[in-house]
Amino acid sequence: MVTETKTGWTDSRVWMVASLVIVCLVSALGLSQVYLVTKPQIEKQKADAVNQALGQVLPNAASFEEKEDGLWYGLDSAGNRVGIVFRCDPRGYAGPVETMVGVDLEARVTGIRIASPAEGMKETPGLGLKARDDWFRDQFKGLTADQVRLKKDGGTLDAISAATITSRAVAAGVADGIRKYAPRLKTDDAPEPDAKEDTAPEREGMR
Amino acid sequence: MRKKPPRLKYFTSGIVLENPLLILMIGLCPALATTASARDGFGMGIAASFVLICSNIVVSLVRRWVPSSIRIPIFIIIISSFVTIADYALQAYQPGLYQVLGIFIPLIVVNCMILGRAEGFAYTHGVIDSILDALGKSIGFTLALGLMGIIRELFAAGTVFGFPVTPAGFREQPVLFMIFPPGAFLLIGVLKSIINKLTVKKET
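Keep in mind that this is a model prediction, so the values were computed, not measured.

Draft legend 1. Layout of the interface of chain A and chain B. Taken together, the 31 residues of chain A in the interface contact 31 residues of chain B. Buried surface at the junction of chain A and chain B, both sides included, amounts to about 2,700 Å², of which 70% is carbon and sulfur. At the boundary of chain A and chain B, one finds 0 salt bridges. Joining chain A to chain B, the criterion identifies 3 residue pairs in polar contact (both at pLDDT 80 or more). Looking at the side of chain A that touches chain B, its residues break down into 17 nonpolar, 10 polar and 4 charged.

Written as structure tokens, this is what we have:
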């Protein structure tokens, strides 16, 4: 590199400070503009993604109503409740595995969806991350809380090979979630007071 | 009069003879971390390519005004600005692609290939040459990462781009070792030794 021998006006102390200030200012201004332009679009994409995920896990519902953080009621076109969707974050191998679970009125799973790495999922690619594969998620359909268990734990689910911790975490999260939210399936819009008391303390530890 | 250097060489050299990963041995961290599958390998390569091309252009444009003693911090600001722009733009307009690449984008800031090309090439060359250099190195880097992804996915899952290519028996008991970082180290060593063998042959 020839730069060591080259001395010129760019090496003055004033310009050193000034050039760094200019570069930072231009970068900050540019980035804030990009942020402002893309922000509404990013928020829209995030909302779309949530709606799409809700539709995936509870296909019978025509619309969704957010009841609280991590709990949605699925409504058909007439406005009747056809099921609920809840979010749970069971602890996997490398961190929480964010899972959305759809449940019909008989407390059977209608579908589950697991967050992608871009959404904060930290499981090992090629191992725990395979929990996102269709074959793994489809196994949950139609199961009740007591059936959601790995084969080696006495249930019906095939575990992902070499990723038992993740498989077991998802199964446990889904089963626990169904038990926790099952009272909400029967209640009307206003949850029964004791049902709410049941869920509140548990949620604190999870979020 | 000085001879004009053959510009096309800046482009072609990056693909094989000066392949960033397998010859220059730079950008190894993403190569280990993100090549567990073919799709991830190519994804990381493409995302890094965008930032490399943009940063090479800007660095070569401003190089005459950059004080040599603080050039590295300035390069890093330029690079991280492009990384952030890529991050926002993908998130806003290509959410599907962001689902795949999102996890790798912050990693590009610490990709030494990009700082390496800014310092080693764009700082001392003009814009056109820098673009050619960036394009060539990008293609070389993307192909090398993709190749690693294909090989590792083949051994560790029996698939390529998610399509099964090996007998079912192998897919049930694959070589899981290849999906972990030690497997990537081993693969880089093997690829490097093959490349060395080939290039030495050419010279003699």
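Let us keep going from here.
Draft legend 2. How the structure looks around the layout of surface pockets. Taken as a whole, the second largest pocket spans an internal volume of roughly 350 Å³. Looking at the second largest pocket, it is lined by 18 residues, and the ones nearest its centre are Val23(A), Val26(A), Val58(B), Val62(B) and Ile78(B). Of all the secondary-structure elements, those providing two or more residues to the lining of the second largest pocket are helix H1 (13–57) of chain A together with helix H3 (38–62) and helix H4 (71–93) of chain B. The biggest single contributor to the lining of the second largest pocket is H1(A), with 8 residues. Of the residues contributing to the lining of the second largest pocket, the split by class is 14 nonpolar, 4 polar and no charged.

Draft legend 3. Summary view of the nonpolar core. The biggest cluster of nonpolar side chains holds 80 residues, and the ones touching the most others in it are Phe86(A), Phe140(A), Val148(A) and Val174(A). Looking at this core, the element that brings in the most residues is H4(B), giving 8 residues. Counting residues in hydrophobic clusters, the runner-up holds 9 residues, among them Ala53(A), Val57(A), Trp72(A) and Val82(A).

Draft legend 4. Here's a closer look at a nonpolar patch on the surface. Residues and elements named next belong to chain B. Together, Phe155, Val175, Phe177, Leu186, Val190, Ile194 and Leu198 make up an exposed nonpolar region whose accessible area comes to about 590 Å². The biggest single contributor to the nonpolar patch is helix H10 (residues 181–203), with 4 residues. The class for Phe177 is partly exposed, based on a relative accessible area of 39%.

Draft legend 5. Spotlight on H1(A). With 45 residues, H1(A) extends 61 Å between its outermost C-alpha atoms, agreeing within 8% with the 66 Å of an ideal straight helix rising 1.5 Å per residue. The principal kink in H1(A), of about 40 degrees, is found at Thr38(A), preceding the proline Pro40(A) by one to four residues.

Draft legend 6. Spatial organisation of the packing of aromatic side chains. All names here are of chain B. Counted according to the given criterion, the structure contains 7 aromatic pairs over all chains. Note on Tyr10 and Phe121: the rings are 5.0 Å apart at their centroids and 75 degrees apart in plane angle, and the pair reads as edge-to-face. With Tyr10 in helix H1 (residues 8–13) and Phe121 in the loop between helix H7 (112–120) and helix H8 (127–157), this pair connects stretches of sequence that are 111 residues apart. An identical accessibility class is assigned to Tyr10 and Phe121; each is buried. Summarising the aromatic geometry, the rings of Phe42 and Phe161 are spaced 5.8 Å apart at their centres and angled 20 degrees between planes, so their arrangement reads as stacked. With Phe42 in helix H3 and Phe161 in the loop between strand E1 (159–160) and strand E2 (163–164), this pair connects stretches of sequence that are 119 residues apart.

Draft legend 7. Just the packing of H3(B) against H8(B), in detail. Residues and elements named next belong to chain B. Contact pair H3 / H8: the axes reach a minimum separation of 8 Å and the direction vectors enclose 165 degrees. Our classification of the angle between H3 and H8 gives roughly antiparallel. Here H3 and H8 pass one another in a crossing that is right-handed. Across the contact of H3 with H8, the residue classes break down as 17 nonpolar, 10 polar and 4 charged.

Draft legend 8. Fine view of the sheet that holds strand E1 (residues 63–68) of chain A. Residues and elements named next belong to chain A. Read from one edge of the open sheet, 5 strands run E1-E2-E3-E4-E5, paired in antiparallel fashion. Two strands lie at the open edges of the sheet, namely E1 and strand E5 (109–114), each paired on one side alone. On average, adjacent strands in this sheet sit at an angle of 20 degrees to one another, irrespective of strand direction. Helix H3 (residues 164–186) rests against E1, strand E2 (71–75), strand E3 (81–88), strand E4 (99–104) and E5 of the sheet, and its axis sits at about 135 degrees to E3.

Draft legend 9. Quick look at the pairing of E1(A). Both E1(A) and E2(A) contribute to a ladder of 5 bridges, which runs antiparallel. Opposite Phe64(A), over in E2(A), you have Gly74(A) as the bridge partner.

Conventions used here
- Residues numbered from 1 in each chain as written.
- Chains lettered and ligands numbered in written order.
- Predicted model: local features only at pLDDT ≥ 70, side-chain atom pairs only at ≥ 80, totals over all residues.
- Heavy atoms only, no water.
- Contact = heavy atoms within 4.5 Å.
- Buried area = accessible area lost by both parts, 1.4 Å probe.
- Salt bridge = Lys/Arg side-chain N within 4 Å of Asp/Glu carboxyl O.
- Polar contact = N/O pair within 3.5 Å; in protein donor to acceptor, adjacent residues only side chain to side chain.
- Nonpolar A, V, L, I, M, F, W, Y, C, P; charged D, E, K, R; others polar.
- 1 Å grid on protein atoms, 1.4 Å probe; cavity = no way out; pocket = protein on both sides within 12 Å on 5 of 7 lines; lining within 4 Å.
- Points joined across faces, edges and corners; volume = space filled by probe spheres on them.
- Helix = DSSP H or I, 4+ residues; strand = E, 2+ residues; numbered from the N terminus.
- Core = buried A, V, L, I, M, F, W, Y, C linked by side-chain atoms within 4.5 Å.
- Buried < 20%, exposed > 50% of the residue type's maximum accessible area, 1.4 Å probe, protein only.
- Patch = residues over 30% accessible without salt bridge, like charges linked within 9 Å, V, L, I, M, F, W, Y side chains within 5 Å.
- Areas by Shrake-Rupley, 256 points an atom, 1.4 Å probe, with all protein chains shown as cover.
- Expected span 1.5 Å × (residues − 1).
- Bend = angle between axes of the 7 residues up to and from the residue.
- Phe/Tyr/Trp six-rings, centres within 6.5 Å; stacked < 30°, edge-to-face > 60°.
- Axes fitted to C-alpha atoms, helices over the stretch in contact; angles between N-to-C directions.
- Parallel < 35°, antiparallel > 145°, perpendicular 65-115°, else oblique.
- Left-handed = near helix turned anticlockwise from the far one by under 90°.
- Pairing = 2+ DSSP bridges.

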